[in-house]
Amino acid sequence: MREKSLTIEMNLDGIPSRYILGPLAGLELSHFVAAPPPVYIIDEAVSRLHAPWIEQIQEGCVHTQHLALVLPGGEQVKTLAQLESIYRWLAQHAVSRDRTLVAVGGGAVLDVAGLAAGTWRRGMGLVFFPTTLLAMVDAAIGGKTAINTAGIKNPVGIFYPAAAVLADPCFLATLSRHDWRDGLAELIKTAAIGDPDLFEE
C-alpha cells in the first residue's frame, strides 16, 4: 500500500473537486470544512466495523461537536422516506447551509446523503468518504446523487459534486468478496470504455 496520498484535481461542470487516495486521506478532512462543525451521515456497518478510525477522523477536524446520523447501507436506504428523515434530522439540529455534510459509506449512502446536502437550504457543503471499492471508483465521482422511487432506479436526483472525495483503502479491509468483485468489474469496464493504457495495466 502506498504511504503517500495521491491527489487528483477534478473540475465537474465548472465546480472544483479534489480526490485524495491514501491510507491517511481521512486526516485531510479539516481542509474542506468551514468554521461551523460538520455533520456526519455514516453507514451503519462502517460505523460498527471502523469506529476507532472514524473517531480519529472526526477528532482530526478539531471541532468538539460530532453530530452523526447512522443509516443502514444498501439500496433500501435510497427512498423518499429516508430522504425525509434526513431533512427532519437536519431541521431538528438547526443545521445551516454554511455547514458541511460528511457522508461515510458505500454508494447508496453517498447517493442519498449527497442528494440531501445538495437540496437542504439550496445546497450545503459536502465531503465524501467512500468505503467500498465500487463507491471509490464510481458513486463518489461526478456528483451523481439520486434515490429510487415509483419502482424506478435513480429517477430523482441532482448532480452535486463533493468538494472532496477522501478515499482511504483501510476501509476496504472488511469488504466481502462479492463487493470486491463489484468494484473490480466497474474499474475494468471504465478502463475498457475510456482508457486503453489503464485497461492494459
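In this report, the structure presented in the accompanying data block is examined. (Residues numbered from 1 in each chain as written. Predicted model: local features only at pLDDT ≥ 70, side-chain atom pairs only at ≥ 80, totals over all residues. Heavy atoms only, no water.)

### Focus: the packing of aromatic side chains
In plain terms, the rule: Pairing of aromatic side chains requires ring centres within 6.5 Å, counting the rings of Phe and Tyr and the six-membered ring of Trp. Pairs whose planes differ by under 30 degrees are stacked, by over 60 edge-to-face, and all others tilted. Comment: elements are numbered from the N terminus, with helices defined as DSSP H or I runs of at least four residues and strands as E runs of at least two.
Under the defined criterion, the tally for this structure stands at one aromatic pair. Geometrically, the ring pair formed by Y87 and W120 is stacked, given 6.0 Å between the ring centres and 20 degrees between the ring planes. Here W120 lies in the loop between α4 (107–119) and β6 (125–130) and Y87 lies in helix α3 (residues 80–92), a separation of 33 residues in the sequence.

### What about the sheet that holds strand β1 (residues 6–12)?
Which entries qualify depends on this criterion: At least two DSSP bridges between two strands are required for those strands to pair. All axes are obtained by fitting lines to C-alpha atoms, using only the stretch in contact for helices, and the reported angles, taken between N-to-C directions, cover 0 to 180 degrees. Throughout, a contact is declared for two residues whenever any of their heavy atoms are within 4.5 Å.
Strands sit in the order β1-β2-β9-β6-β5-β3-β4 across an open sheet of seven strands; the sheet is mixed. Each edge of the open sheet carries a strand with a single partner, namely β1 and β4 (67–71). Here the strands of the sheet are splayed against their neighbours by 15 degrees on average, with no regard to which way each runs. Packing against the sheet, α4 makes contact with β3 (39–43), β4, β5 (100–105) and β6, and its axis sits at approximately 170 degrees to β5.

### Describing the state of the cysteines
Keep this limit in mind: A pair of sulfur atoms, both from cysteines and within 2.5 Å, is called a disulfide here. The buried label applies to any residue whose accessible area, calculated with a 1.4 Å probe on protein chains only, is under 20% of its type's maximum; exposed applies above 50%, and partly exposed to all values in between.
Inspection of every chain in the model, using the stated rule, returns zero disulfides. The thiol sulfur of C61 is not disulfide-bonded, and the nearest other cysteine sulfur, from C170, lies at 18 Å. Residue class for C170 comes out partly exposed when judged on its relative accessible area of 32%.

### Let's talk about the nonpolar core
Across soluble globular proteins, you tend to see nonpolar side chains buried next to one another. Heads up, the rule is: Residues grouped as a nonpolar core are buried Ala, Val, Leu, Ile, Met, Phe, Trp, Tyr and Cys residues, joined through side-chain atoms within 4.5 Å.
Counting residues in hydrophobic clusters, the biggest one holds 38 residues, and the most contacted among them are V39, I41, I86, L101 and F128. Taken together, the elements giving at least two residues each to this core come down to β3, β4, α3, β5, α4, β6, α5 (133–139) and β9 (164–167). Looking at this core, the element that brings in the most residues is α4, giving eight residues. Once residues within four sequence positions are removed from consideration, I86 is found in contact with I41, L69, L71, V112 and A116. Listed in part, the 19 residues of the second largest apolar core include Y40, I42, V102 and V127.

### Quick word on the side chain of T132
We count it as follows: What qualifies as a polar contact is a pair of N or O atoms within 3.5 Å, subject to a donor-acceptor requirement within protein and to the restriction that residues adjacent in sequence count only when both atoms come from side chains.
Within the element layout of this structure, T132 appears in the loop between β6 and α5. The exposure class assigned to T132 is buried, which follows from its relative accessible area of 19%. Among the polar contacts made by the side chain of T132, one reaches the main-chain amide nitrogen of A135 at a distance of 3.0 Å. In this structure T132 touches G106, G107, L172 and L175, once residues within four positions along its chain are discounted.

### Notes on a negative patch on the surface
What counts here: What makes a patch is a set of residues exposed beyond 30% relative accessible area and free of salt bridges, joined within 9 Å when like-charged and within 5 Å when nonpolar (Val, Leu, Ile, Met, Phe, Trp, Tyr). Computed by Shrake-Rupley with a 1.4 Å probe, the accessible areas treat only the displayed protein chains as cover when residues are assessed. The term salt bridge refers to a side-chain nitrogen of Lys or Arg lying within 4 Å of a carboxyl oxygen of Asp or Glu. In this charge count, Lys and Arg are treated as positive and Asp and Glu as negative; neither His nor the chain ends contribute. A charge is said to be at NZ when it belongs to Lys, at CZ for Arg, at CG for Asp and at CD for Glu.
A surface patch of negative charge is lined by D195, D197, E200 and E201. The residue D197 is located in helix α7 (residues 196–200) in this model. Exposure remark for D197: the relative accessible area of 64% places this residue in the exposed category.

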